Structure formats: structure tokens, C-alpha cells
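Examination of the molecular architecture
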Amino acid sequence: MEPGSGSRGAAAGAVSVSAVLPAGGSGERLGGATPKQFCAVQGRPLVSYAVRAMERIGWICDIIVVVSPENIETMKTIIEKYGHKRVTVVEGGITRHRSIFNGLKVFAENKFCNHLLQKPEVVIIHDAVRPFVEEDIVSKVVMAAKEHGAAGAIRPLVSTVVASAADGCLDHSLERARYRASEMPQAFLFDIIYEAYQQCTDYDLDYGTECLHLALKYCKTNAKLVEGTADLWKVTYKRDLYAAESIIKDNLSQQVCVITETSVKETIEQVGFLLPEALKSQIKVEAISISLSKNDSHLQNIISGHCYNFVCVNDKKHAIQETQQLVDMLEKSNIPLLYPVVLISVHLDISEDNSFSIGIEELTTIIKFARETKKKNILVYGLLIQYK
């Protein structure tokens, strides 16, 4: 397994970890015929974002997605279309707890899967409609569960919670400062949460919603509560889909990588230096000078850090070859499977020829190249600059 990012991620990677994502809800509160986990955000089903969030954490061994029987084929199609790895689809139950229990049984009972998966030491439970979870909070919750048996992310209450009397009038209110909202992800020692589900009553399975409570009730395990980040919210209503789309668009525009080939002339190197200087007041800029023909570790780290915008500065003569090499690297990284990647190839013409013309054959090649990369979700734009 790959280590996680930073020391905490590396520590979590030393523990065998798998994840269960319940995705069997009907989406009643969202409205509409499509369950919210299958609603498209930026053209991609919401559940795919949540799967990818877990998938990009290298130390998570298996990802179990639990869906209703009628959506099993839909989920398998999503996995194939977006190239998800380490994912097993399991048939869910009629309630949230029954679905999670089915997901856990994959590690303990053959009848729920074609083959028994290796039981993890720690299992993560995370909603398929919480697409923005980051590795840092997942790692914190996993390490807390390793130490305490159970752990879960929490957030401050936004509104005061009140209880009504039988006549509909106020009975009492809770002191907001003392309480927290239970969020996801949560994590458990597998043996603890599996034992808790095995002891559950039908009432628990049909009406309960809180996994941490089951660990406390049946295994006397007091969960460690971990302060979560603001992006752990759950898509519940239609307006949340619009908010999720806005966050995704905003994240995609926050960083750009400017690449200059090491073999280019001094004039082009100067442009490669000046461009980031002009951009850095508006956006986070990574500027590197490398040879795209080599497997550069710095560029690989930038790509794996989920940068989706690239500007490649080169001379006109070798533009297509160098751009193709970068496209190949991006394609191998699989990041275009999640969001579209924008690649602007800046071709500097520093020849003595003052003509701004470009051969029909060369133009046709560039257009064809851009069309092919678009199919891979990589949007290539060319900019030809005559530099005097």
C-alpha cells in the first residue's frame, strides 16, 4: 500500500483499513426520481466523487459501496466508466443500518460477496453523499479509532436544538455550546462494530441512524470525537447539489502549473519565468522547468496533488510532441477521470520569419490532437505567439 500524505497518513497506512459507503437511500428529501447519490454534478454521479475521495487514499485496501438491489447495475456501470479500483458493490437493506451491516458482512460472510475480502483492523463508514472528505480527517478518525475502538467527526451545531411538547409548544431547548453535530467519516475497530451490529435489535436496525451509539450501547465503547472541517456536509436537498457544483468549480480554478522545457532557448525560459510572476497575485502557481521526456518526480507530485490546470511553454517546433508527453502523464495519473483537465500549450515562435502563418497540415494535426484528448477529459488549447 502507498503511504498517506504526511506523518499521520503514514501512521494510518500502518493499519489495515477498508471503507464502507452506504449508498442505498431513496433521496426523498431531494425530490425527483433519481436518488441523490446518482444525481450528476458537473456531469458525474455524486457517488463517484465519494468513491474517488476514498480511492485516492492509497492505504485504504477495499471500498465497499452498498446500494439498493435496483441500482446494483447502475453502480457497476459507474465503476467501469470512471475507472474506479478496489471497489466492491454490495446489495443493501431497507434501512441505513441494515445496509451498513450488509457492507460489513463482506468481510465475514461469503454469501454477501463472490469471495471473502480480508478483514481489516479498522473500518471506515462514510456516506456516499459526502463528496469532499480529505485524507487528513480520514487519517485522524482512523488513528483515533485504533486507539479508542471507535471515532467520528463532529462539527459545531449551527442552530439551537429544541424539543416540542405534545401540544406542539416548546418543551425545552439544548445548550448549543455543549452539543455537536455528528458527521462522517466514522471509523471503528472492525471486531467492535461488527459485534455491535450482530447484537442489534430489529428496532435498532430499522429506526437507528448513529453507528457510534451502537458501539457504545452494545460494546461499551466510548467513541473519540474528532473536530471535522466545514466541507464534511451531506448533500440532502436539491440546493446542496448546486452548492457542491459551485465548490467543485471553485476548487478546479485555484491552482495552475506552468511548465517550461529545460531544452528551450533562453528567451523562452524568460517567458516561463515571467508568466508565473504575472499570475501569482490571482492564483496559486507552481512553476517548474523540466524535461517532459523524463519521468519527473516534481511534476508527478503536482499531478498527484490534484492540479487540473497546466500551461506548457515551448517552442513551436516541438509543440505537439511535448504536449503529447504531458497528456500521456495526465492520462496515466487517472485525474481526468474525476474532473476535466485544462492544458494550454503556449508555442513561442522566435524565428526570423515574420510570417504568422501556420501550415494547413500542422493546423489539422493540432485540431485532431485536441479532439482526441477531449475524449479523455483533457481540454487542450493552443496559443501561438510570435516573439521578437
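Going by the structure above, here's the rest.
Worth saying up front: this structure is predicted, and the values here are computed from it rather than measured.

Quick notes on the rules
Residues numbered from 1 in each chain as written. Predicted model: local features only at pLDDT ≥ 70, side-chain atom pairs only at ≥ 80, totals over all residues. Heavy atoms only, no water. Helix = DSSP H or I, 4+ residues; strand = E, 2+ residues; numbered from the N terminus. Buried < 20%, exposed > 50% of the residue type's maximum accessible area, 1.4 Å probe, protein only. Contact = heavy atoms within 4.5 Å. Areas by Shrake-Rupley, 256 points an atom, 1.4 Å probe, with all protein chains shown as cover. Salt bridge = Lys/Arg side-chain N within 4 Å of Asp/Glu carboxyl O. Axes fitted to C-alpha atoms, helices over the stretch in contact; angles between N-to-C directions. Parallel < 35°, antiparallel > 145°, perpendicular 65-115°, else oblique. Nonpolar A, V, L, I, M, F, W, Y, C, P; charged D, E, K, R; others polar.

Helices and strands together make up the secondary structure of the protein, namely 13 helices and 16 strands. The buried share among the 388 residues of the protein stands at 46%. Across the protein, contacts joining residues at least 24 apart in sequence account for 76% of those joining residues at least 6 apart. For the protein, the accessible area works out to roughly 19800 Å², and carbon and sulfur atoms hold 51% of it.

Okay, the pattern of salt bridges next. On inspection of all chains with the given rule, the structure shows 14 salt bridges. With its nearest N and O atoms 3.2 Å apart, the salt bridge here joins D204 to K217. Placement of the pair is D204 in helix α7 (residues 202–207) and K217 in helix α8 (residues 211–219), with a sequence separation of 13 residues. Across the pair K376 and E331 runs a salt bridge whose closest N-O atoms are separated by 3.4 Å. Placement of K376 in the loop between α13 (360–375) and β16 (378–386) and of E331 in helix α12 (residues 319–333) is noted, with a sequence separation of 45 residues between them. In this structure K376 comes out as partly exposed when scored by relative accessible area, which is 33%. Several salt bridges converge on common partners, so that one network encompasses R96, D127, R130 and E183.

Once that is clear, we can look at the packing of helix α6 (residues 190–199) against α8. The contact between α6 and α8 brings their axes to 9 Å, and the two run at 80°. Considering the angle they form, α6 stands roughly perpendicular to α8. The residues of α8 that touch α6, namely those facing I192, I193, E195, A196, Y197 and Q199, are C211, L214, A215, Y218 and C219. Per-class residue counts for the contact of α6 with α8 are 9 nonpolar, 1 polar and 1 charged.

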